[in-house]
Amino acid sequence: MADIKLGFVPTRRSIFSAPDAIKYRGLTADRFRELGIDFVDITDINEEGLLYDDQDVDKIAAKFRAEGVDGIMLAHCNFGTEYVCARLAKKLGLPVLLWGPLDERPEPDGVRLRDTQCGLFATGKVLRRFQVPFTYLTNCRLNDPVFERGVRDFLAVCNVVKRFRNIRILQISTRPFDFWTTMCNEGELLEKFNIQLAPVPMTELTEEVKAVKDERTKQEKVLEYIRENMEIQIKDEEVENVAALAVAMKNLVEKYGCQAAAIQCWNALQTELGIMPCAANAILNDEGIPVVCETDIHGAITALMVEAAGMDETRGFFADWTIRHPDIENGELLQHCGPWPVSVAREKAKLTYPLAFEHPGSLTAEAKHGDVTLCRFDGDNGEYSLLLGRAKGVEGPKCMGTYLWVEVENIKRLEAKIVEGPYIHHCVGIHKDVVPVLYEACKYIGVKPDLYDPIEEEVKAYLRGE
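Rules of the game
- Residues numbered from 1 in each chain as written.
- Predicted model: local features only at pLDDT ≥ 70, side-chain atom pairs only at ≥ 80, totals over all residues.
- Heavy atoms only, no water.
- Pairing = 2+ DSSP bridges.
- Helix = DSSP H or I, 4+ residues; strand = E, 2+ residues; numbered from the N terminus.
- Contact = heavy atoms within 4.5 Å.
- Axes fitted to C-alpha atoms, helices over the stretch in contact; angles between N-to-C directions.
- Phe/Tyr/Trp six-rings, centres within 6.5 Å; stacked < 30°, edge-to-face > 60°.
- Salt bridge = Lys/Arg side-chain N within 4 Å of Asp/Glu carboxyl O.
- Buried < 20%, exposed > 50% of the residue type's maximum accessible area, 1.4 Å probe, protein only.
- Patch = residues over 30% accessible without salt bridge, like charges linked within 9 Å, V, L, I, M, F, W, Y side chains within 5 Å.
- Areas by Shrake-Rupley, 256 points an atom, 1.4 Å probe, with all protein chains shown as cover.
- Parallel < 35°, antiparallel > 145°, perpendicular 65-115°, else oblique.
- Left-handed = near helix turned anticlockwise from the far one by under 90°.
- Nonpolar A, V, L, I, M, F, W, Y, C, P; charged D, E, K, R; others polar.
- Core = buried A, V, L, I, M, F, W, Y, C linked by side-chain atoms within 4.5 Å.

### Description of the sheet that holds strand 6 (residues 168-172)
Strand order in the open sheet formed by four strands is 7-6-9-10, and the pairing between neighbours is parallel. Among the strands making up the open sheet, the edge pair consists of strand 7 (196-200) and strand 10 (291-292). Examined bridge by bridge, strand 6 and strand 7 share five bridges and lie parallel to one another. Residue Gln171 lies in a different strand from strand 7, and its bridge partner there is Pro199. Those strands touched by helix 9 (residues 236-255) are strand 6, strand 9 (260-263) and strand 10, and its axis lies near 135° from that of strand 6.

Structure, rendered in structure tokens:
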């Protein structure tokens, strides 16, 4: 599971009860500990451990940077001091969670101790003036289920933002000539999003494969994994090439400081090694290193975002939108030659031949059914967006490769979205509902969320805690 550290910033305003603000600072910290949230507080910044003085902003920012926090929570323990909160948030440039505990009944004499909700209204406005994007967790009690859900979803949002802002992808060779759809603008990705590519020629990969074979130790471990998890239907020397290729790609990913890779699947690799890379991709995908096909850089970005939204607990799968279901009106086939991680399969994967190529090295297995999120980061003409929505696995005809028949709400609407762009025939799926997390993360990374079903109000209601 991803390790995300939260900067806990309880705040108060002087005209409301300081003792009550201190009380709720402590209660909130206790609740975090109950939930196992990794957080950094500000109890050493001043006697109260609360943000209300402008002179403390730089001290808090310095502490949070030193501690490596990934997002901050502005917890309004009474009304709060909105402009100081906004200055801190602006200085840090991290995702912001705005929340405050629900007020108690007013005292018999009419006195109110905190007026937290009113303060949340004020801080929301001032954050907008400072052009600081923020996530709002509804005014609720610490033990309300919506509090835990909202905090955990925010941590997942932080994980997406952290991942997206630090992407480096190993690009193994050029895109296949015929795949104009997978072209990307390397300079623009760097300028807009700090997404970096590490391009290497195919010869560097094949030389690394030779070195792996000479060393043998890592290759043997992967061979053991293959024998245990796959039904082998290809020759021994071909299996050895699959294992060596997986190790070689991982070595290059680590050498160049990358988190994912995109490989030219065909046909130069087959000339050198005599195999398809699909099963090797699958092995790394199961290790949490997404490797996507046809040098699809945008696909690799998507895979990193999707798994980050799932807090790295569940593996994603890189798929083609392929054909309509022959029997289900809104059904569609998600399929690829065989690169999906075996952890998503509902049966033992066969290490065999792909549908459209004569070289071995792909997997065949149907994926688990159930609810999935489908997603695609893409762009052209200087604009980028994130297509996302939900689907469910359904029964369908047997296929080759790794595949899953899914049903969506309206296939014609989805089809039009993909054709009209800026998307292509590739997407990433994950067996988890991460639509709200990805939708919310978009506000922090400069990408437009694009829901293929009309569920935006439903997603917003969920994020509000309804």
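The structure having been displayed, the exposition proceeds.
### Regarding unusual backbone geometry
Of the consecutive residues Trp266 and Asn267, the connecting peptide bond is found in the cis state with omega at 10°. Positionally, Asn267 belongs in the loop between strand 9 and helix 10 (268-273). One non-glycine residue, Ser173, lies in the positive phi region at around 70°. Counting through the fold element by element, Ser173 comes out in the loop between strand 6 and helix 6 (186-193).

### A short note on the packing of aromatic side chains
Taken as a whole, this structure holds 13 aromatic pairs when the rule is applied. Their ring planes at 20° and their centres at 6.3 Å tell us that Phe32 and Phe147 sit as a pair that is stacked. Of this pair, Phe32 sits in helix 1 (residues 18-35) while Phe147 sits in helix 5 (residues 145-164); the two residues are 115 residues apart in sequence, bridging distant segments of the chain. With centroids separated by 6.0 Å and ring planes inclined at 65°, the aromatic side chains of Phe164 and Phe377 adopt a geometry described as edge-to-face.

### Here we look at the pattern of salt bridges
One pass over the full model with this rule turns up 34 salt bridges. Of the charged contacts, one joins Arg31 and Glu34 as a salt bridge, the two residues approaching to 2.9 Å between their closest N and O atoms. Linking Arg31 with Glu34, this pair stays in helix 1, spanning three residues, or about one helical turn. When its relative accessible area of 59% is taken as the criterion, Glu34 is described as exposed. Of the charged contacts in the structure, one is a salt bridge between Lys460 and Glu457, with a shortest N-O distance of 3.9 Å. With Lys460 and Glu457 both in helix 15 (residues 456-464) and three residues apart, the pair spans about one turn of that helix. In this structure Lys460 comes out as partly exposed when scored by relative accessible area, which is 31%.

### Here we look at a nonpolar patch on the surface
Residues Phe177, Trp180 and Met183 make up a contiguous nonpolar surface patch of roughly 410 Å² in combined accessible area. When you line up the elements, Met183 lands in the loop between strand 6 and helix 6. Classification of Met183 by relative accessible area gives partly exposed; the value is 44%.

### Remarks on the packing of helix 12 (residues 297-309) against helix 14 (residues 435-445)
Contact pair helix 12 / helix 14: the axes reach a minimum separation of 10 Å and the direction vectors enclose 120°. What the angle tells us is that helix 12 and helix 14 run oblique. By crossing handedness, the relation of helix 12 to helix 14 is classed as right-handed. Contacts between helix 12 and helix 14 involve Met305, Val306 and Ala309 from the former and Val437, Leu438 and Ile445 from the latter. Of the residues that constitute the contact of helix 12 with helix 14, the class distribution is six nonpolar, no polar and no charged.

### A short note on the pairing of strand 9
Residues Ala260 and Ala262 point to one face of strand 9 and Ala261 and Ile263 to the other, with burial holding for every one of them. Inspection of the sheet shows strand 6 paired to strand 9 by four bridges, in the parallel sense. Looking at strand 9, one finds that Ile172 is bridged to Ile263. In this sheet, strand 10 lies alongside strand 9 in parallel orientation, the contact comprising two bridges. Residue Ala261 lies in a different strand from strand 10, and its bridge partner there is Val291.

### Side note on the sheet that holds strand 4 (residues 96-99)
Judged by pairing direction, the sheet is parallel, and its five strands sit side by side in the order 2-1-3-4-5 without closing on themselves. The two strands at the open ends of the sheet, each matched to only one other strand, are strand 2 (39-40) and strand 5 (135-136). As judged from the four bridges shared by strand 3 (residues 71-76) and strand 4, these two strands associate in the parallel manner. Bridge pairing in strand 4 places Leu74 opposite Leu98. Each of strand 1 (6-11), strand 2, strand 3 and strand 4 touches helix 1; the most contacted strand, strand 1, lies at about 160° to it.

### A short note on the nonpolar core
A general trend in soluble globular proteins is that nonpolar side chains are found buried together. Ranked by size, the top nonpolar core spans 114 residues in total, and within it Met73, Phe147, Phe164, Leu205, Ile301, Phe377 and Leu438 carry the most contacts. Ranked by size, the runner-up nonpolar core spans 26 residues in total, among them Val40, Leu94, Val96 and Leu127.

### Side note on the environment of Val434
Tracing the sequence through the fold places Val434 in the loop between strand 18 (426-430) and helix 14. Looking at Val434, the relative accessible area reads 2%, which means it is buried. Note: C-alpha distance between Val434 and Leu374 (60 residues apart in sequence) is 9.1 Å. Ignoring sequence-local partners within four residues, the contact set of Val434 consists of Ala309, Gly310 and Thr373.

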